[in-house]
Amino acid sequence: MLGDRYGTHRVIEPKGTLPQAALRLDNDFTKHFDNELVIDVERLNIDSASFVQMEGAGDVAAQILETVRTRGKQHNSVTGSGGMLLGRCARVGRALKMERPLAPGERVATLVSLTLTPLSLDRIVSVDAARHQVIVEGRAVLFESSAWARLPADLPETVALSAFDVAGAAPQVARMVRPGMKVLILGCGGKSGLLCSAAARRAGAARVIGIERSQEAAAGARRLGACHEIAIADAADAVAVSSAVLAAAGGEVDFAVSCVNVPDAEMGAILSTRDGGTIYFFSMSTQFTKAALGAEGISRDVTMVVGNGYAPGHAEATLALLRAEPVLRAIFVERFG
Ligand code: NAP
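Note that this is a predicted model, so its numbers are computed, not measured. (Residues numbered from 1 in each chain as written. Predicted model: local features only at pLDDT ≥ 70, side-chain atom pairs only at ≥ 80, totals over all residues. Heavy atoms only, no water.)

Draft legend 1. Seen up close, helix H9 (residues 288–297). Every buried residue of H9 is accounted for by Ala291, Gly294 and Ala295. Considered in projection along H9, the buried side chains sweep an arc of 95 degrees and stay on one side of the axis. Opposite the buried face of H9, by more than 90 degrees, sit the exposed residues Phe288, Leu293, Glu296 and Gly297. Each element contacted by the buried residues of H9 is listed here: helix H8 (266–272), strand E13 (273–281) and strand E14 (303–306). (Buried < 20%, exposed > 50% of the residue type's maximum accessible area, 1.4 Å probe, protein only. Helix = DSSP H or I, 4+ residues; strand = E, 2+ residues; numbered from the N terminus. Arc of directions from axis to C-beta. Contact = heavy atoms within 4.5 Å.)

Right under this line is the structure:
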């Protein structure tokens, strides 16, 4: 039996939607489809915005169990975000075409969001709050259109998983930054912030300005050294952010990336970016209305790019960046290894 390439055969409600937009997915894996990949799940990497929201709301494990029980996927209804997972290949549908066929038992990480991945959980073993990861026993299914990656042999699995979670960020920055540009990275000390700072520097940015809310959070970025200057400011305080950026960059930047995991960072990025510049809103806490109306409200002619988590070859490119930057790799291994 063949399922739909994009997984609509697993949508329970509302009918007619794609799995990401669906309220509930069918996670009955006794149903076999020849173009699905079944994974024995060992670890969930929860999206940063989602983990922080759930931590604030109470028991993270209980919330995940309830979400997966009611929705058939880990789709946080408040933040709208998910994460990705790591596990072992359990079954490869015989109609799936692969360049290098995956064998049952091989270790894989998914490169598509948990918000569209049918998932069932037998239990949560423990919550690894430092890494925003959750050790579980469960199963998941990938569709024909879903990307995945083999785990690399030269990095701890938890490091690869953390890097894969934000794998779209650095390759997108690498293709948007031009030599000589002034670049702003909001949340430069976080996972995607560090990767984006390194990517901007390698792309030839003349000046990279980082913003963090505390000296502790900025420590990793200082150690990496990819930012020419790091200012301490609350990303939600647009005036403070733009004053810090204007002082550090000697004017507005050409390109800004939002890598924070909290809401209300849209205006700081917009105020700090010149007319004709570009902002890449990688953060899942970004709101379209705030960004669109905010830019209109100050008559700022900026191109605003939605943080598409996918770019061709993004997983390999992100691993290559970690391998090419020893300090970046060391920070990732210390934090997530
Ligand atoms: P992360 O490692 O938690 O980093 C976030 C950084 O932002 C931290 O250094 C944090 O500092 C800093 N920060 C938080 N609040 C701030 C504030 N008010 N002012 C300045 N800095 C602040 O997160 P991540 O994993 O890189 O993810 C970043 C964002 O990308 C999240 O919203 C995540 O959901 C999103 N994401 C997007 C995609 C996509 O496909 N577009 C994929 C994965 C993740 P503290 O350490 O002090 O909190």
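After that view of the structure, there is still more to cover.
Draft legend 2. Geometry of empty space enclosed by the protein. Enumeration over the complete set of coordinates arrives at one cavity of 30 Å³ or more. As a volume, the largest cavity reaches approximately 30 Å³. Surrounding the largest cavity, Ser258, Val262, Pro263, Asp264, Ala265, Glu266, Phe281, Ser283, Ser285 and Thr286 form its lining. The residue makeup of the lining of the largest cavity, split by class, is four nonpolar, four polar and two charged. (1 Å grid on protein atoms, 1.4 Å probe; cavity = no way out; pocket = protein on both sides within 12 Å on 5 of 7 lines; lining within 4 Å. Points joined across faces, edges and corners; volume = space filled by probe spheres on them. Nonpolar A, V, L, I, M, F, W, Y, C, P; charged D, E, K, R; others polar.)

Draft legend 3. Region of interest: the pairing of strand E9 (residues 182–186). Most of E9 sits inside the fold, with four of its five residues counted as buried. Note that E9 and strand E10 (residues 207–212) share five bridges and pair parallel. The residue bridging Lys182 from the neighbouring strand is Arg207, located in E10. In the classification by handedness, the crossover that spans E9, the intervening helix H5 (residues 191–202) and the parallel E10 is right-handed. Relative to strand E12 (residues 253–258), E9 runs parallel, the two sharing four bridges. (Pairing = 2+ DSSP bridges. Right-handed = clockwise from strand over helix to strand, strands pointing away.)

Draft legend 4. Up close: the site of the ligand. In the vicinity of the ligand, 25 residues are found, and the nearest of them are Asp47, Ser192, Glu212, Arg213 and Gly307. Within the backbone of Ala49, an N or O atom sits 3.4 Å from an oxygen atom of the ligand. A distance of 2.6 Å is found between an oxygen atom of the ligand and a side-chain nitrogen or oxygen belonging to Ser192. When the ligand sits alone it has 930 Å² of accessible area, and the protein chains cover 88% of it. Those elements that place two or more of their residues in the shell around the ligand are helix H1 (48–57) and H5. (Near = heavy atom within 4 Å. Polar contact = N/O pair within 3.5 Å; in protein donor to acceptor, adjacent residues only side chain to side chain. Areas by Shrake-Rupley, 256 points an atom, 1.4 Å probe, with all protein chains shown as cover.)

Draft legend 5. Examining unusual backbone geometry more closely. Residue Pro14 is reached from Glu13 by a cis peptide bond, and omega for that bond is -15 degrees. A positive phi is found at His132, a non-glycine position, where the angle reads about 60 degrees. You can see His132 is positioned in the loop between strand E6 (119–128) and strand E7 (133–142). Its relative accessible area of 18% is what places His132 among the buried residues. One non-glycine residue, Asp264, lies in the positive phi region at around 75 degrees. Looking at the secondary structure, you find Asp264 in the loop between E12 and H8.

Draft legend 6. Summary view of the pattern of salt bridges. Scanning the entire structure with this criterion turns up 22 salt bridges. We note a salt bridge from Glu144 to Arg5, for which the minimum N-O separation is 3.8 Å. Taken together, the residues Glu144 in the loop between E7 and strand E8 (148–150) and Arg5 in the segment before strand E1 (11–13) connect sequence positions 139 residues apart. According to the relative accessible area criterion, Glu144 is partly exposed, its value standing at 33%. Residues Glu325 and Arg202 are paired through a salt bridge, measuring 2.7 Å at the closest nitrogen-oxygen approach. Residue Glu325 is found in the loop between helix H10 (314–324) and helix H11 (326–336), and its partner Arg202 is found in helix H5; the two are separated by 123 residues along the sequence. (Salt bridge = Lys/Arg side-chain N within 4 Å of Asp/Glu carboxyl O.)

Draft legend 7. Seen up close, the nonpolar core. The biggest cluster of nonpolar side chains holds 50 residues, and the ones touching the most others in it are Phe164, Val173, Val177, Phe255, Val257, Leu328 and Phe332. Once residues within four sequence positions are removed from consideration, Leu328 is found in contact with Leu194, Leu195, Ala198, Leu224, Leu321 and Leu322. Core analysis: the second largest hydrophobic core is formed by 25 residues, Val41, Ala61, Val136 and Leu142 among them. (Core = buried A, V, L, I, M, F, W, Y, C linked by side-chain atoms within 4.5 Å.)

Draft legend 8. Fine view of the sheet that holds E13. The six strands lie next to each other as E11-E10-E9-E12-E13-E14, forming an open sheet whose pairing is parallel. Either end of the sheet is taken by a strand with one partner, and the two such strands are strand E11 (229–232) and E14. Between one strand axis and the next, the sheet turns through 15 degrees on average, direction left out of account. Its contacts with the sheet put helix H4 (residues 169–176) on E12, E13 and E14, and the angle it makes with E13 is roughly 155 degrees. Along the sheet, H5 contacts E9, E10 and E12; its crossing angle with E9, the most-contacted strand, is approximately 170 degrees. (Axes fitted to C-alpha atoms, helices over the stretch in contact; angles between N-to-C directions.)

Draft legend 9. The sheet that holds E8, seen in detail. Strand order in the open sheet formed by six strands is E6-E7-E3-E4-E5-E8, with antiparallel pairing between adjacent strands. Of all strands in the sheet, those with a lone pairing partner are E6 and E8, marking the two edges. Adjacent strand axes in the sheet meet at a mean angle of 30 degrees when their direction is disregarded. Note that strand E4 (residues 83–92) and strand E5 (residues 107–110) share three bridges and pair antiparallel. From the neighbouring strand, Arg88 faces E5, where its bridge partner is Arg107.

Purely spatial values, then, with no claim about function.
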